[in-house]
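Overview (structure and organization)
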Amino acid sequence: MPGKPILQVIGLHKSFGSLEVLKGIDLSVTKGELVFIIGPSGSGKSTLLRCCNRLEEPTRGSVIVDGSDITRHDVDVNRIRQKIGMVFQSFNLYPHMNALGNVTLALRKVQGMPRPDADAKGMAALTRVGLADKAKAWPNELSGGQQQRVAIARALALEPLIVMFDEPTSALDPELVGSVLNVMRELRESGMTMVVVSHEMAFARAAADRVVFMDGGAILEQGPPEKLFSNPEHARVGEFVAQISHHH
Amino acid sequence: MEFERLVFSFFNADVAARYWLDIVDGFWVTTYLGLAVIGTGLSIGLALAVARSFHFQPASFLIVIFADAFRALPPLVVIIVLFFAFPYIGLSMNAFTATWLALSMVLAAFAEEIFWAGILSIPKGQTEAARSTGMSRLQALVNVILPQAVRITIPPLTNRMIAITKGTALGSVVAVHEIIYHASSGASEAGNPTPLTLGALAYLILFVPVVILSRWIETRFAWKR
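About the criteria used
Residues numbered from 1 in each chain as written. Chains lettered and ligands numbered in written order. Predicted model: local features only at pLDDT ≥ 70, side-chain atom pairs only at ≥ 80, totals over all residues. Helix = DSSP H or I, 4+ residues; strand = E, 2+ residues; numbered from the N terminus. Rg over C-alpha atoms; globule rule 2.2 N^0.38 Å. Pairing = 2+ DSSP bridges. Contact = placed C-beta atoms within 7 Å. Nonpolar A, V, L, I, M, F, W, Y, C, P; charged D, E, K, R; others polar. Core = buried A, V, L, I, M, F, W, Y, C linked by C-beta atoms within 7 Å. Buried ≥ 20, exposed ≤ 12 C-beta atoms within 10 Å, placed from the backbone. pLDDT = per-residue confidence, 0-100. Axes fitted to C-alpha atoms, helices over the stretch in contact; angles between N-to-C directions. Parallel < 35°, antiparallel > 145°, perpendicular 65-115°, else oblique. Left-handed = near helix turned anticlockwise from the far one by under 90°.

Within chain A, the regular secondary structure consists of nine helices and ten strands. Here chain A has a C-alpha radius of gyration of 18 Å; the compact-globule value for 248 residues is 18 Å, and the two agree. Dimensions of chain A, computed from the C-alpha atoms along their principal axes, are close to 55 × 45 × 40 Å.

Structure, rendered in structure tokens:
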């Protein structure tokens, strides 16, 4: 059964000065779907994600989240952003707060939740990523994989409709990648809607509902992972997949 | 023997006994003036750095002009302008107010630059992470950026605070009754520089605890990255 779209990107353009990074992207993500975005570096994958919560302002086009167009200037972007979780390549944990502090900051300061309630919710999020025992640990005391899982918990605590992952495992040592992917797999099984920019092809093959291949600021091809990885319509996709798989 | 003349000139017990109470009075004025300058100067400096972080060009431009002007001007000139020139445009103020205001502006200019450098030194990802959880620009600044930036700025700010509090000595020019005023008038009255020695002692008593406190704050607020 096709769910209702959580995220719809329509005719999205983004230019940095004279450099056009996104050249008209159309993408729809339905509830519970895990969409993987792959493509060569500089193809605009990260920019696409960052336009979806307006960390970058789109030049043209619409981004519709749960029915409302977030690119309209009368929209409360701070309210919308709580519904769009974002996980960054470099984790970006706040170094002056422990894990629980990182996870509960927005609950307390943005949603005005009293500390005991926020702590309970934060602990639930940390439990979900398997780090309840690290609630009092400082970011520098955690491994990269643990830091990234805290960052995922920080996004989850706000009960987002969708979570965006911007190369979540690229900054990790190879032996730590698995723990983050496991958390993402569990999230997917719990029905979370996710958009993932990553080069973890094995994970994409196993967990993605759809793989989107971007090249030069446009979507060249999209489809189920088995189709895109084994029998793509464009030779360019096949070359890229072969190249990445070779290196991993 | 030269040593006896040194003791007679700079460590003269009789002169010290006559003037030490004046120096104590000056000590309190210096302390009070210094605290007032630090309070206003740091507040204005922080407010300007925060305002500048909103990247509104006309405001940033004015802030930079303010910071550059007051970092370039000798504080003494600012005091003299406020005290002697401002009455002509209908803005009279007493010596204490003129000194307080002048030094506050100078400290604000330096503090703004220090806070601004601190804010800039925090990686962009910190703001992005905060904003992506729905924090406004100001909330991200207050909860995420400033707590990190302020820690970095404690050592340079402490140096500035000490420098500006010593700058209160310039108030003696417009007859603010702080340490140097009492020390130098005592020295000329007695014909003996011992009051200046007492003044130096007063500055040591004032600043050594400040330096120790700043070291404590640095370690207290240090966190490992």
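The next subject is the pairing of strand E2 (residues 19-30) of chain A. Residues and elements named next belong to chain A. Note that strand E1 (residues 5-16) and E2 share nine bridges and pair antiparallel. Residue pairing in the sheet places Val 9 in a bridge with Leu 27 of E2. What sits between E1 and E2 in their antiparallel hairpin is a turn of two residues, with Gly 17 showing a positive phi close to 60 degrees.

Before going further, it helps to spend a moment on the interface of chain B and chain A. Taken together, the contact pairs 18 residues of chain B with 21 residues of chain A. Contributing elements (two or more residues each) for the side of chain B that touches chain A: helix H6 (124-132) and helix H7 (137-166) of chain B. If you tally residues by element for the side of chain B that touches chain A, the top one is H6 of chain B, at six residues. Of the residues belonging to the side of chain B that touches chain A, the class tally is five nonpolar, nine polar and four charged.

On to the nonpolar core, then. Of all hydrophobic cores here, the largest spans 128 residues; its most connected members are Phe 36, Ile 37, Ala 153 and Met 164 of chain A together with Leu 107 of chain B. With 15 residues, the top contributor of residues to this core is helix H5 (residues 95-121) of chain B. Leaving out residues up to four positions away in the same chain, Ala 153 of chain A has contacts with Val 103, Ala 125, Leu 126, Arg 128, Val 129 and Leu 131 of chain A.

Let us look at the sheet that holds strand E4 (residues 60-65) of chain A. Either a parallel or an antiparallel arrangement is found when strands of a sheet pair, and the pairing is made through backbone hydrogen bonds. Residues and elements named next belong to chain A. Across the sheet, four strands lie side by side as E2-E1-E4-E5; this open sheet has antiparallel pairing. At either end of the open sheet lies a strand with only one pairing partner, and these are E2 and strand E5 (68-69). The pairing of E1 with E4 spans five bridges and is antiparallel. Residue pairing for E4: His 13 is matched across the bridge by Arg 60.

The subject of this paragraph is the confidence of the model for chain B. All names here are of chain B. Of the residues in chain B, 97% have a pLDDT of 70 or more, and the chain-wide mean is 91. Averaged pLDDT values over the elements of chain B bottom out at 85 in helix H1 (residues 2-10) and peak at 96 in H6. Two numbers describe this predicted complex: its pTM, 0.85, and its ipTM, 0.92.

Moving on: the packing of helix H2 (residues 13-52) of chain B against H7 of chain B. All names here are of chain B. As a packed pair, H2 and H7 sit with axes 11 Å apart at the nearest point and diverge in direction by 140 degrees. With respect to H7, the axis of H2 lies oblique. Crossing of H2 against H7: the hand is right-handed. Taking contact as the criterion, the partners of Gly 34, Val 37, Ile 38, Gly 41 and Val 50 in H2 are, on H7, Leu 141, Met 161, Ile 164 and Thr 165. Grouping the amino acids of the contact of H2 with H7 by side-chain chemistry returns six nonpolar, three polar and no charged.

This next bit is on helix H3 (residues 99-109) of chain A. Most of H3 of chain A sits inside the fold, with ten of its eleven residues counted as buried. Along H3 of chain A, the residues classified as buried are Ala 99, Leu 100, Gly 101, Asn 102, Val 103, Thr 104, Leu 105, Ala 106, Leu 107 and Lys 109 of chain A. Residues of H3 of chain A that are buried make contact with helix H4 (115-128) and helix H5 (144-156) of chain A together with H7 of chain B.

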